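# Geometric and topological summary
Chain by chain, the residues run as shown.
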Amino acid sequence: MAKGKQRTGRGRAAEPVTAQVAGGLAELEPDRDRPRARTLLIDGAPQSHVDPDDPTHLDFSYQRRLGHVADLVAPPGRPVHALHLGGGAFTLARYVAATRPRSTQQVVEIDAPLVAFVRRELPLDPAWRIRVRGGDARSVLAKVPDAWADLIIADVFAGARTPAHLTSAEFVADVRRVLRPGGCYAANLADGSPLAFVKSQVATVRTVFPELCLAAEPAVLRGRRFGNAILVASDVPLPVAELTRRCATDPQQGRVEHGSSLDDFCGGAAAVTDASARPSPEPPPSVFR
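Along each chain, numbering runs from 1 in the same order as the chain's sequence is written. Since the coordinates come from a predicted model, pLDDT governs what is reported: local features require at least 70, and pairs of side-chain atoms require 80 or more to be given and counted, while whole-chain, interface and lining totals use all residues. Hydrogens and water are ignored here; the side-chain numbers use all heavy atoms of the structure.

A word on the side chain of Glu109. Structurally, Glu109 can be placed in strand 6 (residues 104-109). The buried label goes to any residue with under 20% of its type's maximum accessible area, the exposed label to any with over 50%, and the partly exposed label to all in between, with areas taken from a 1.4 Å probe on protein chains only. Working convention for charge: Lys and Arg count positive, Asp and Glu count negative, and His plus the chain ends are omitted. We define a salt bridge as a contact between a side-chain nitrogen of Lys or Arg and a carboxyl oxygen of Asp or Glu at a distance within 4 Å. Here Glu109 sits buried without a salt bridge, and the closest side chain of opposite charge, Arg119, lies 11 Å off (N-O distance). A polar contact of 2.8 Å, which involves the side chain of Glu109, links it to the backbone nitrogen of Gly87. Numbering of helices and strands runs from the N terminus, with a helix taken as a DSSP run of H or I at least four residues long and a strand as a DSSP run of E at least two residues long. The definition of a polar contact used here is a pair of N or O atoms within 3.5 Å, where within protein one atom must be able to donate a hydrogen and the other to accept one, and adjacent residues in sequence count solely through side-chain atom pairs.

On to the environment of Leu85. Take Leu85: it is sitting in strand 5 (residues 81-85). A relative accessible area of 0% means that Leu85 is categorised as buried. Taking the C-alpha atoms as reference points, Leu85 and Ala187, separated by 102 residues in sequence, lie 9.3 Å from one another.

Here the focus is the pairing of strand 3 (residues 34-42). Inspection of the sheet shows strand 2 (residues 24-31) paired to strand 3 by 6 bridges, in the antiparallel sense. Pairing of Pro30 across the sheet is with Arg38, part of strand 3. A pair of strands is labelled paired if DSSP reports no fewer than 2 bridges between them. Taking the residues that link successive antiparallel strands as the turn, the strand 2-strand 3 hairpin has 2 residues.

The next thing to look at is the pattern of salt bridges. Taken as a whole and judged by the stated rule, the model has 14 salt bridges. Measuring nitrogen to oxygen at the nearest pair gives 2.7 Å for the salt bridge that ties Glu257 to Arg255. Residue classification places Arg255 among the partly exposed residues on the basis of a relative accessible area of 29%. Connected through shared salt-bridge partners, Asp71, Glu242, Arg245 and Arg246 make up one network.

For the purposes of this section, nonpolar cores are sets of buried Ala, Val, Leu, Ile, Met, Phe, Trp, Tyr and Cys residues that join through side-chain atoms within 4.5 Å. Counting residues in each nonpolar core, the largest one holds 39 residues, and the members touching the most others are Leu83, Leu85, Ile152, Tyr185 and Phe209. Discounting chain neighbours no more than four positions away, the residues touching Phe209 are Val172, Val175, Arg176, Leu179, Tyr185, Ala233, Ser234 and Asp235. With 26 residues, the next largest nonpolar core counts Leu58, Ala70, Leu151 and Leu238 among its residues. Two residues qualify as a contact provided that any one of their heavy atoms is within 4.5 Å of a heavy atom in the partner residue.

With that settled, consider unusual backbone geometry. The linkage connecting Ser193 with the following residue, Pro194, adopts the cis geometry, with an omega of 10°. Position of Pro194 among the secondary structure elements: in the loop between strand 9 (179-191) and helix 6 (196-206). Positive phi outside glycine occurs at Arg102, with the angle close to 75°. Along the chain, the position of Arg102 falls in the loop between helix 2 (91-99) and strand 6.

Turning our eyes to something else, we now look at the packing of aromatic side chains. Centres within 6.5 Å are what make two rings of Phe, Tyr or Trp a pair, Trp counting through its six-membered ring; a difference in plane orientation under 30 degrees is then read as stacked, over 60 as edge-to-face, and the rest as tilted. According to the stated counting rule, one finds 2 aromatic pairs in the structure shown. Ring centres 6.2 Å apart and planes at 45° place the aromatic pair Phe60 and Tyr62 in the tilted group. The exposure classification of Phe60 matches that of Tyr62, with both residues buried. Relative to Phe209, the ring of Tyr185 has its centre 6.3 Å away and its plane inclined at 15°; by these criteria the two rings are stacked. Of the two residues, Tyr185 sits in strand 9 while Phe209 sits in the loop between helix 6 and strand 10 (211-216), which places them 24 residues apart along the sequence. Comparing Tyr185 with Phe209 shows no difference in burial state: the two are buried. Counting as a charge over the ring demands two things of the Lys NZ or Arg CZ atom: a distance within 6 Å of the ring centre and an angle within 35 degrees of the ring normal. One Lys or Arg, Lys199, reaches over the ring of Phe265 and ends 5.6 Å from the middle of that ring.

What follows is the structure, encoded as structure tokens:
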């Protein structure tokens, strides 16, 4: 049950709203700069940010980079079929619905109490064609028809770690099965020095997709701090130049590795299979302070 109900009367600051969900304590924290915007945290770890008054506003840098991918997957405004593995507060699904009206979207989220909490506190517009499906991301992915999606976004965390079974070559092969020719896969990866997880994910995805690039803040790519990197893959050449331009002009400037620079970055890392896959590394406590 939610508690700490927000109050927005005159002279009162909005208060956090909390609820116990399967993944821990969920909290919707008010944004001081945006009246109705909220940041979703699970056990103190920031998950996503939503502004109901402006679904096109992407506050987190990694979500902004995923937004760039969504913008570039098809001509501006054209509806797409999008599959979101990992729900959170449905930030990217809201973004696609606002920027690409009439898109058909599916969101997969295993935490049913979290879905109920977010739906209650940050309702989805009934006009948006967004279906929320409960269940494990890989199990639900296996039931999606071949060549259904133009865009698949993987942003799945159990606590603050990506589950091992969502990091293997077999999982990525099923992602490619569900993508239409020319479609795009984007995965949110979290790692720190020596970036062994991110490098292994590039090697893994490369066994399935011929075209890849990696977008992150320079400090993350250099292993100077723990953070998020967005791995983008397709069976056709990616719009690397435009993605690079957009990331470079973000408030938190990003860099894109591609081609030989991505090869050098990976340094011969090995791909992982279901037999060898491990969860992403645990973030250091200082990340959320």
